[in-house]
Amino acid sequence: MTNLLEPEPTRLPERVDAQAALDAGTDPAEVAAEHPDFSEAWAALAERSLDAGEIIAAYAYARTGYHRGLDQLRRNGWKGFGPVPWNHRPNQGFLRALAVLSKAAGRIGESEEYERCRKFLAESDPAAAEATGLA
């Protein structure tokens, strides 16, 4: 059963060239340079930086991916709320960037931003929060 008052889920369009480059193992920095509006490249850079303990770099990459994703969501009908399904691959870059932004914010003591981003992720799709370790 769905909530009739909730907007339809937003699904970003496929980015075949950028996605293929990442899937083929191209360095995310190269993909981001070639496709600067492709959130998944920024999310990959953010995750790599977070894993390496480079928290400020992770925060910056994640914020870039997050904002690029917000721009795309808005262009595709998102009104600032409503589902952004994790199971739609093109949405995952935005959602992953949002997750790293939350984690990095928490590590630098930005507790309000950590919580805001964690909540935003869970409201976008609980499966995204689970998949990124923020459930």
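Treat the numbers as computed from the prediction; the structure is a model and nothing was measured. (Residues numbered from 1 in each chain as written. Predicted model: local features only at pLDDT ≥ 70, side-chain atom pairs only at ≥ 80, totals over all residues. Heavy atoms only, no water.)

## Considerations on the packing of aromatic side chains
Reasoning step 1: One pass over the full model with this rule turns up five aromatic pairs.
Reasoning step 2: On the numbers, 6.1 Å between centres and 40 degrees between planes, the contact of Trp-42 with Tyr-61 is tilted. Highlighted residues: Trp-42 in helix α3 (residues 39-51) and Tyr-61 in helix α4 (residues 55-75), separated in sequence by 19 residues.
Reasoning step 3: Taking the relative accessible area as the measure of exposure, Trp-42 reaches 16% and is therefore buried.
Reasoning step 4: For Tyr-61, a relative accessible area of 29% gives the class partly exposed.
Reasoning step 5: With a centroid separation of 5.9 Å and an interplanar angle of 65 degrees, the aromatic rings of Phe-94 and Phe-120 are classed as edge-to-face. Placement of Phe-94 in helix α5 (residues 89-107) and of Phe-120 in helix α6 (residues 111-124) is noted, with a sequence separation of 26 residues between them. Comparing Phe-94 with Phe-120 shows no difference in burial state: the two are buried. (Phe/Tyr/Trp six-rings, centres within 6.5 Å; stacked < 30°, edge-to-face > 60°. Helix = DSSP H or I, 4+ residues; strand = E, 2+ residues; numbered from the N terminus. Buried < 20%, exposed > 50% of the residue type's maximum accessible area, 1.4 Å probe, protein only.)

## Comments concerning the environment of Glu-6
Reasoning step 1: Inspection of the secondary structure assignment puts Glu-6 in the segment before α1 (16-23).
Reasoning step 2: On the basis of relative accessible area, Glu-6 is assigned to the partly exposed category, the value being 42%.
Reasoning step 3: The spatial distance from the C-alpha of Glu-6 to the C-alpha of Glu-47 is 31 Å, given a sequence separation of 41 residues.

## Focus on α6
Reasoning step 1: Taking 1.5 Å per residue, 14 residues should reach 20 Å; α6 reaches 20 Å between its end C-alpha atoms and fits that length.
Reasoning step 2: Of all the residues in α6, the buried ones are Glu-113, Cys-117, Phe-120, Leu-121 and Ser-124. Axial view of α6: buried residues confined to an arc of 100 degrees, hence all on one face. For α6, the exposed residues set more than 90 degrees away from the buried face come down to Ser-111, Glu-112 and Glu-123. (Expected span 1.5 Å × (residues − 1). Arc of directions from axis to C-beta.)

## Looking at the packing of α4 against α5
Reasoning step 1: Interaxial distance between α4 and α5 falls to 8 Å at its minimum, and their mutual angle equals 145 degrees. Note on packing geometry: the crossing formed by α4 with α5 is left-handed. In this structure, α4 contributes Ile-55, Ala-58, Tyr-59, Ala-62, Arg-63, Gly-65, Tyr-66, Gly-69, Leu-70 and Leu-73 to the contact, and α5 contributes Phe-94, Ala-97, Leu-98, Val-100, Leu-101, Ala-104, Ala-105 and Arg-107.
Reasoning step 2: Each residue belonging to the contact of α4 with α5 can be placed in one class, and the counts come to 14 nonpolar, two polar and two charged. (Axes fitted to C-alpha atoms, helices over the stretch in contact; angles between N-to-C directions. Left-handed = near helix turned anticlockwise from the far one by under 90°. Contact = heavy atoms within 4.5 Å. Nonpolar A, V, L, I, M, F, W, Y, C, P; charged D, E, K, R; others polar.)

## What about the packing of α3 against α5?
Reasoning step 1: Running from N to C, α3 and α5 point in directions that differ by 35 degrees, and their axes come no closer than 8 Å. When you trace α3 past α5, the crossing you get is left-handed. Across the interface between the two elements, Ser-39, Glu-40, Ala-43, Ala-44, Ala-46, Glu-47 and Leu-50 of α3 pack against Arg-89, Gly-93, Phe-94, Arg-96, Ala-97, Val-100, Lys-103, Ala-104 and Arg-107 of α5.
Reasoning step 2: Split into classes, the residues belonging to the contact of α3 with α5 amount to eight nonpolar, two polar and six charged.

## Let's talk about the environment of Pro-126
Reasoning step 1: As for its position among the elements, Pro-126 is in helix α7 (residues 126-131).
Reasoning step 2: A sequence separation of 98 residues divides Pro-126 from Pro-28, and the C-alpha atoms of the two residues are 26 Å apart.

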